[in-house]
Protein chains: 2
Amino acid sequence: VEGITPMVDGGRFAAKRVAGDRVVVEADCFTDGHDLLAARLLWRREDETRWREEPMAAIGNDRWRGSFGVDAPGSYVYTVTAWVDPFLSWRHDLARRVDADDIRIAALIGAELLETTAGRAEHDADGKMLNAWAGRLRSTEEADALKQIGLDEALKALAERCPDRRFAYTFPAELPLVVDRERARFSTWYELFPRSTAGNPGAHGTFRDCEARLEYVAAMGFDVLYLPPVHPVGRERRKGKNNALIAAPDDVGSPWAIGAAEGGHQALHPQLGTLDDFRRLVVRAGEVGLELALDIAFQCAPDHPYVKEHPQWFRWRPDGTVQYAENPPKKYQDIFPFNFESDDWPGLWQELKSVFEFWIGEGVKIFRVDNPHTKAFPFWEWAITELKRDHPDLIFLAEAFTRPKVMHRLAKLGYTQSYTYFAWRNTKWELTDYFTELAHGPGREYFRPNVWPNTPDILTEYLQVGGRPAFMARLALAATLAASYGVYGPAYELLECQPREPGSEEYLDSEKYQVRHWDLGREDSLQAFIARVNKVRRENPALQSDWSLRFFPIDNESIICYVKSTEDLDNVILTVVNLDPYHAQTGWIELDLATLDVDPHAPYQMHELLTGARYLWSGARNFVRLDPAGAQAQIFRLRRRVRTERDFDYFL
Amino acid sequence: VEGITPMVDGGRFAAKRVAGDRVVVEADCFTDGHDLLAARLLWRREDETRWREEPMAAIGNDRWRGSFGVDAPGSYVYTVTAWVDPFLSWRHDLARRVDADDIRIAALIGAELLETTAGRAEHDADGKMLNAWAGRLRSTEEADALKQIGLDEALKALAERCPDRRFAYTFPAELPLVVDRERARFSTWYELFPRSTAGNPGAHGTFRDCEARLEYVAAMGFDVLYLPPVHPVGRERRKGKNNALIAAPDDVGSPWAIGAAEGGHQALHPQLGTLDDFRRLVVRAGEVGLELALDIAFQCAPDHPYVKEHPQWFRWRPDGTVQYAENPPKKYQDIFPFNFESDDWPGLWQELKSVFEFWIGEGVKIFRVDNPHTKAFPFWEWAITELKRDHPDLIFLAEAFTRPKVMHRLAKLGYTQSYTYFAWRNTKWELTDYFTELAHGPGREYFRPNVWPNTPDILTEYLQVGGRPAFMARLALAATLAASYGVYGPAYELLECQPREPGSEEYLDSEKYQVRHWDLGREDSLQAFIARVNKVRRENPALQSDWSLRFFPIDNESIICYVKSTEDLDNVILTVVNLDPYHAQTGWIELDLATLDVDPHAPYQMHELLTGARYLWSGARNFVRLDPAGAQAQIFRLRRRVRTERDFDYFL
């Protein structure tokens, strides 16, 4: 038994699924000689002691497949066992025999085998029946009759109930599996700065203002509302507008410079509101279908209470200062990093874990974690495992934009979802290559992408120069390529695209350093477009998972074309996006109809879900046109022709 | 530290190399944060206790590479260790600093670091020098000067001699490596039936007759002479000519039906000669550059002495008989298989191992093992490991034509070389796909192909119908696609192609069941062609290993084109073969000149090594023509233009 899938690093790390999934497990099972094998899939919840068993079937080339269903979040383990099955081997051998003498000898061997099997039977009735079959094999003379008896399906079923598993080989590792709730696989995120939600321009927004914004966000079809840190902002070395090193007296500073006299990671910024206000926001969000996600940024402003209370958690330099945090090329002069190698690491780790626990206690189940790659790997594995033991419905999103292997390692250590390089993948080739890797590479077992066309840190050149069509295209790509995506709003729907300076991905007048007021009702807002796209996502299960993604050729490098589908091909969604924000583009798509279960000789309907338009297509090659002046993207649902009994066609 | 290559099944099985190789090892080494790493490759002979160390260098994307040389056959182990290097991290950080105060603080930190490093120095001189550098960092004021001191290459070299490896992480498995002698990688086999070597037609050949044949085989350029079993042939149930179930009185039977009154696996067939004759043959073969390989077939004729002496080694049926051996669809009515699950398996295993030991004692170092997949996997792992411990220069060739995973498992268990599916891969697509897998798939670390266009069991349809051109094409393919290949002769060079019946791969009048007399001097013999091809193999190192193989496009499905080369591209061999045995074929090759280190703007010479003809080519696209009436294959050596000082060109 070897080559089990899924298996992450030989079982060192867990594969991931969500509740409701059937977990399909495959393995290579083979032995020397010509004997036949039987194999079983063993699985259980991690805290159970007895294996449950599922049958496995050979699917060719010594590969076996089985599956089990998981209906609740939590930790599971599974493995595979296989054994040489003397009865199946004997039966296979008997089927090949033609010589009457050979058959008679085989019958005697079979009778002996069945008698031994009978001795092993768990139920007396089975034992008796096996002995009866053995008797028939011993007492029958005629070769054809013997063959018929030996090959009887009822006998096979009976013998398979009492296998001889004394010499079974069980794969030596129990392979871990983490089952999350469905939102881990399918989620639609909206990030906003609470302090920019005041109705009154210039005022500092509050949790109450956020409440008033909930309907607006929910109406666009988002289900996770993610807030940057809501804690007191440090005053020492506070940043001014546009990342200025010296703040003006009225500057609000960066919310990621956490901690001041009012408190640290377990306190709220006084200008946002009280803990009661926060609790109310959590509840009100839930009422409109939004789940609140908090940003966990393990770092401190110089005036964070930790700095005085636990100086041992920081790395002091010979001149008595602490080197500010960096994530090259970014410099965070207003932030001290923790020293995860501190001698008091147990104290630090416990305290940081308690930060999660505090907010879990306030009803938060989703955490976006800031720059996790700059903190110790072992801390994450320990903290996430501990927290999920008590709260299997937690979701952790890793905000790591770093080297690929480090991002993958964080996902293996327990992160539920991961930021990706999507923001910087713009051409057809880049998108095809990257999303093929995400959807079909080995990392898909543990790395769940959450793709963002923008964040407060990332205003890509494409968005800077491409205008509204660029924002439409990138949103359509994010929403249809990935089951989980998010935008930083209202900057996104309001097409915010001025960089701080040429060549920068920072926003001019970034909300990271100042309060902004947004005119949500602007006529060019993408609000309605986003709402339509998210409605399509909600209504089409094909778009709610990642693995079915396939790209189809189209004879224009500016148009990308891909299909996602449910396993039963009941829901098939084809998306085309114009990657050129300036010009209309046309092209001929080449579909692989066989894999879509489409009759190549009958017309089929392509129902464009953003506009409601319906197109009649036929055959593999079909024409599309996308125009920045109108639609930069089309999302089609495939509807196959159904012939009614009264010889009347419709499309379903 | 993870993702080490080579690594077979997490270190469960050994990778394979030959003496003289440099073993290149790569690994992913990374950590959280921005600290810099150092990594070392650890290796030793298995029986040594101390690791040897080689440097590893980062090659991008967190991948590191190092290598070590192995000069003698035997068992080795290796692994990788890596650590966060505070000095390198500090140096990297210092290089980025521009602010003078920052640089001064960094210098103090560096001084402290160097003083700690000095305490760890193995040599006093190093410690003193480190302290001196620390002093300079402490006493210098000027920022630029400090930076220069800190970044000094001499300091780096000094600090790297005294790394802090207390927190080094060493990959937890010691990865095994089997190093064989060079013949394991590059060998040219010739199989013949000794009993068919008599000068006198109708006589039973002897070892003395074989001696007379040695020159002929050596002159064709072979280096391994492989003999089917040379033991007494059973008389009970002996097969007659053409696999007849009843033998005529003068039938000689199959040499694979081993054992009779005269003895078993450690005896010689009396008609072949005495042990002295055999010893003489071994010596004489060596004198002409041929190494003798014996066939080890663990099975018995019904009258093998084992059957009476050790009945417990066989599986007796209720009627007191033993089921004859089968390798479906083949039936060996004249052979009893061993029961490897016998209660006396320790006795059986020891006895079988002693068979190898007996022939090793007689000077045989190469064994072709018959149908190893029908014997117990654990037996092979045990026997081969034990035998190679005392005799690391042994070579075992697995004659298993079975399911891919079983063939791979046998190679993992210790077989040095493996038979392949080559005989049944005929089209360009099949050959390209299969040899790309063999040369570039993960199995190449342990599965060394030995390809045979024919064997006594395999007369393919292609050879049956294609005549002499088919024999030329298949020999050229075998000899240039694989570093190890063999033919069953003289059937091969004499174009033996009559099947026993239509649809069969068995030879008519097969030597397996009767003595044959061969007319070696026949005019249409491929003897001279084979000699030329093997000479090309000996003279061109590119053809002596498997991993450099690359296929190039040619616009004709009947012609296949590929290149093998040495690592330094000094020896580049391009082969084209016409797969159509009936018609002349022409085509345009498309070469990737950049990968061959060929100047696209200068002519280059293609020196055809079978005929000696020289062609002047230029650019990527070049024309070839292959004609069954003349050459079915061309083997070109690339010769690049060299300009002399006197402005005179020649091709080297």
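See the structure above.
Notes on the structure in this doc start here.

**Topic: the relation of the copies chain A and chain B**
Note on the identical chains: chain A maps onto chain B by a rotation of 180° and an axial translation of 0.0 Å, with an RMSD of 0.0 Å. Overall, the copies show the geometry of a two-fold rotation axis. Relative to the rotation axis, the closest C-alpha in chain A is found at Gly10 of chain A, a distance of 3.8 Å. A shared binding surface is used by both copies, with 100% of the interface residues of chain A retained as interface residues in chain B.

**As for the interface of chain A and chain B**
Contact residues are listed per partner, giving 39 residues for chain A and 40 residues for chain B. Buried area between chain A and chain B, summed over both chains or domains, comes out near 3300 Å², and the portion from carbon and sulfur atoms is 48%. If you sort the residues of chain A by the area they bury against chain B, Asp32, His34 and Lys405 of chain A come out on top, with a joint share of 19%. Where chain A meets chain B, there are 12 salt bridges. Arg97 of chain A is the salt-bridge partner of Glu326 of chain B, the closest N and O atoms lying 3.1 Å from each other. There are 17 residue pairs in polar contact (both at pLDDT 80 or more) connecting chain A and chain B.

**Describing the layout of surface pockets**
For the second largest pocket, the calculated volume is near 1000 Å³. Elements supplying a minimum of two residues to the lining of the second largest pocket: strand E2 (15–18), strand E3 (22–28) and helix H12 (428–440) of chain A.

**Remarks on the packing of helix H2 (residues 100–120) of chain A against helix H4 (residues 143–150) of chain A**
Residues and elements named next belong to chain A. The interhelical angle for the contact between H2 and H4, taken along N-to-C directions, is 40°, at an axis separation of 9 Å. One way to sum up the angle between H2 and H4 is to call them oblique. Judged by the sense of rotation from one axis to the other, the crossing of H2 with H4 is left-handed. Together, Ala100, Ile103, Arg104 and Ala107 of H2 and Ala143, Leu146 and Lys147 of H4 make up the contact between the two elements. Looking at the contact of H2 with H4 residue by residue, the classes come out as 5 nonpolar, no polar and 2 charged.

**Focus on the sheet that holds strand E12 (residues 224–227) of chain A**
All names here are of chain A. One open sheet accounts for 7 strands, arranged E20-E19-E18-E13-E12-E11-E21; its pairing is parallel. Of all the strands in the sheet, the pair left with one neighbour each is strand E20 (417–418) and strand E21 (484–488). In terms of strand pairing, strand E11 (residues 187–191) meets E12 through 3 bridges, oriented parallel. When the bridges of E12 are listed, Tyr190 appears paired with Leu225. Helix-sheet contacts for helix H7 (residues 275–287) involve E12 and strand E13 (291–296), and the interaxial angle to E13 is about 135°.

**Overview of the pairing of E3 of chain A**
Successive residues of a regular strand alternate their side chains across the two faces of the sheet. Residues and elements named next belong to chain A. Most of E3 is tucked away, with 5 of its 7 residues classed as buried. Pairing analysis gives 7 bridges linking E3 to strand E7 (residues 63–69), with the strands arranged antiparallel. Paired with Val23 across the two strands is Phe68, which belongs to E7.

**Notes on the sheet that holds strand E27 (residues 614–617) of chain B**
Residues and elements named next belong to chain B. Sheet architecture is open: 6 strands sit in the order E22-E23-E24-E29-E26-E27, paired in antiparallel fashion. If you trace the sheet from one side to the other, it starts and ends with strand E22 (550–551) and E27, each paired once. Taken together, the 5 bridges between strand E24 (residues 572–578) and strand E29 (residues 633–639) define a ladder with antiparallel strand orientation. Opposite Val576, over in E29, you have Gln634 as the bridge partner.

**Describing the pairing of E2 of chain A**
Residue and element names in this part refer to chain A. Residues Ala15 and Arg17 of E2 are buried on one face, and the alternating residues Lys16 and Val18, pointing to the opposite face, are buried as well. Taken together, the 4 bridges between E2 and strand E10 (residues 175–180) define a ladder with parallel strand orientation. Across the sheet, residue Arg17 finds its bridge partner in E10, namely Val179.

**What to know about helix H11 (residues 404–413) of chain A**
All names here are of chain A. The buried fraction of H11 amounts to 9 of the 10 residues, a majority that puts the element mostly inside the structure. Among the residues of H11, Lys405, Val406, Met407, His408, Arg409, Leu410, Ala411, Lys412 and Leu413 are the ones counted as buried. With its phi angle positive at about 140°, Gly414 sits one or two positions after the end of H11.

**Observations regarding the pattern of salt bridges**
Enumeration according to the criterion identifies 117 salt bridges over all chains in this entry. With a closest N to O distance of 3.6 Å, Lys564 of chain B and Asp546 of chain B form a salt bridge. Taken together, the residues span a long stretch of sequence, with Lys564 of chain B in strand E23 (residues 559–565) and Asp546 of chain B in the loop between helix H14 (527–539) and E22 at a distance of 18 residues. The same class applies to Lys564 of chain B and to Asp546 of chain B, which are both buried. Each of Glu26, Asp28, Arg63 and Arg65 of chain A together with Lys405 of chain B takes part in a single network of salt bridges with overlapping partners.

**Quick look at the side chain of Ser342 of chain B**
All names here are of chain B. Inspection of the secondary structure assignment puts Ser342 in the loop between strand E17 (336–337) and helix H9 (345–361). There is a polar contact of 2.9 Å between the side chain of Ser342 and the backbone nitrogen of Asp344. Here Ser342 is in contact with Gln312 and Trp313, once residues within four sequence places are set aside.

**Regarding the side chain of Asp370 of chain A**
Residues and elements named next belong to chain A. Note on placement: Asp370 falls in strand E18 (residues 366–370). A distance of 3.4 Å separates polar atoms of two side chains, one belonging to Asp370 and the other to Trp256. Those residues in contact with Asp370, other than ones at most four positions away along the chain, are Trp256, Asp295, Ile296, Ala297, Gln299, Lys375 and Glu399.

**Some details on the packing of aromatic side chains**
Given two aromatic rings, one states the distance between the centres and the angle between the planes to describe the pair. Scanning all chains against the criterion turns up 96 aromatic pairs over all chains. The interplanar angle of 70° and the centroid separation of 6.2 Å between the aromatic rings of Trp189 of chain A and Trp452 of chain A together place this pair among those described as edge-to-face. Of this pair, Trp189 of chain A sits in strand E11 while Trp452 of chain A sits in the loop between H12 and helix H13 (461–481), and the two are 263 residues apart along the sequence. Pairing Phe207 of chain B with Phe278 of chain B gives two aromatic rings, centres 5.6 Å apart and planes at 70°, and the pair type is edge-to-face. Of the two residues, Phe207 of chain B is situated in helix H6 (residues 207–219) and Phe278 of chain B in helix H7 (residues 275–287); the sequence distance between them amounts to 71 residues. Sitting above the plane of the Tyr434 of chain B ring, Arg425 of chain B keeps its charged end 5.2 Å from the centroid.

**With respect to the packing of helix H1 (residues 86–96) of chain A against helix H5 (residues 153–160) of chain A**
Residues and elements named next belong to chain A. Two elements in contact, H1 and H5, have axes whose closest approach is 10 Å; the angle formed by their N-to-C orientations is 160°. The orientation of H1 relative to H5 falls into the category roughly antiparallel. Only Glu153, Leu155, Lys156, Ala159 and Glu160 of H5 make contact with H1, whose side of the interface consists of Phe87, Leu88 and Arg91. Counted by class, the contact of H1 with H5 contains 4 nonpolar, no polar and 4 charged residues.

**A few points about the nonpolar core**
Of all hydrophobic cores here, the largest spans 157 residues; its most connected members are Tyr78, Phe338, Phe356, Phe367 and Phe435 of chain B. With 12 residues, the top contributor of residues to this core is helix H13 (residues 461–481) of chain B. Beyond its immediate sequence surroundings of up to four residues, Phe338 of chain B is in contact with Phe298, Gln299, Cys300, Tyr306, Trp313, Phe314, Leu348 and Leu352 of chain B. Counting residues in each nonpolar core, the second largest holds 156 residues, with Tyr76, Tyr190, Ala473 and Tyr485 of chain A among its members.

Parameters and conventions
- Residues numbered from 1 in each chain as written.
- Chains lettered and ligands numbered in written order.
- Predicted model: local features only at pLDDT ≥ 70, side-chain atom pairs only at ≥ 80, totals over all residues.
- Heavy atoms only, no water.
- Least-squares fit on C-alpha atoms with pLDDT ≥ 70 in both.
- Contact = heavy atoms within 4.5 Å.
- Buried area = accessible area lost by both parts, 1.4 Å probe.
- Salt bridge = Lys/Arg side-chain N within 4 Å of Asp/Glu carboxyl O.
- Polar contact = N/O pair within 3.5 Å; in protein donor to acceptor, adjacent residues only side chain to side chain.
- 1 Å grid on protein atoms, 1.4 Å probe; cavity = no way out; pocket = protein on both sides within 12 Å on 5 of 7 lines; lining within 4 Å.
- Points joined across faces, edges and corners; volume = space filled by probe spheres on them.
- Helix = DSSP H or I, 4+ residues; strand = E, 2+ residues; numbered from the N terminus.
- Axes fitted to C-alpha atoms, helices over the stretch in contact; angles between N-to-C directions.
- Parallel < 35°, antiparallel > 145°, perpendicular 65-115°, else oblique.
- Left-handed = near helix turned anticlockwise from the far one by under 90°.
- Nonpolar A, V, L, I, M, F, W, Y, C, P; charged D, E, K, R; others polar.
- Pairing = 2+ DSSP bridges.
- Buried < 20%, exposed > 50% of the residue type's maximum accessible area, 1.4 Å probe, protein only.
- Phe/Tyr/Trp six-rings, centres within 6.5 Å; stacked < 30°, edge-to-face > 60°.
- Lys NZ or Arg CZ within 6 Å of the ring centre and 35° of its normal.
- Core = buried A, V, L, I, M, F, W, Y, C linked by side-chain atoms within 4.5 Å.

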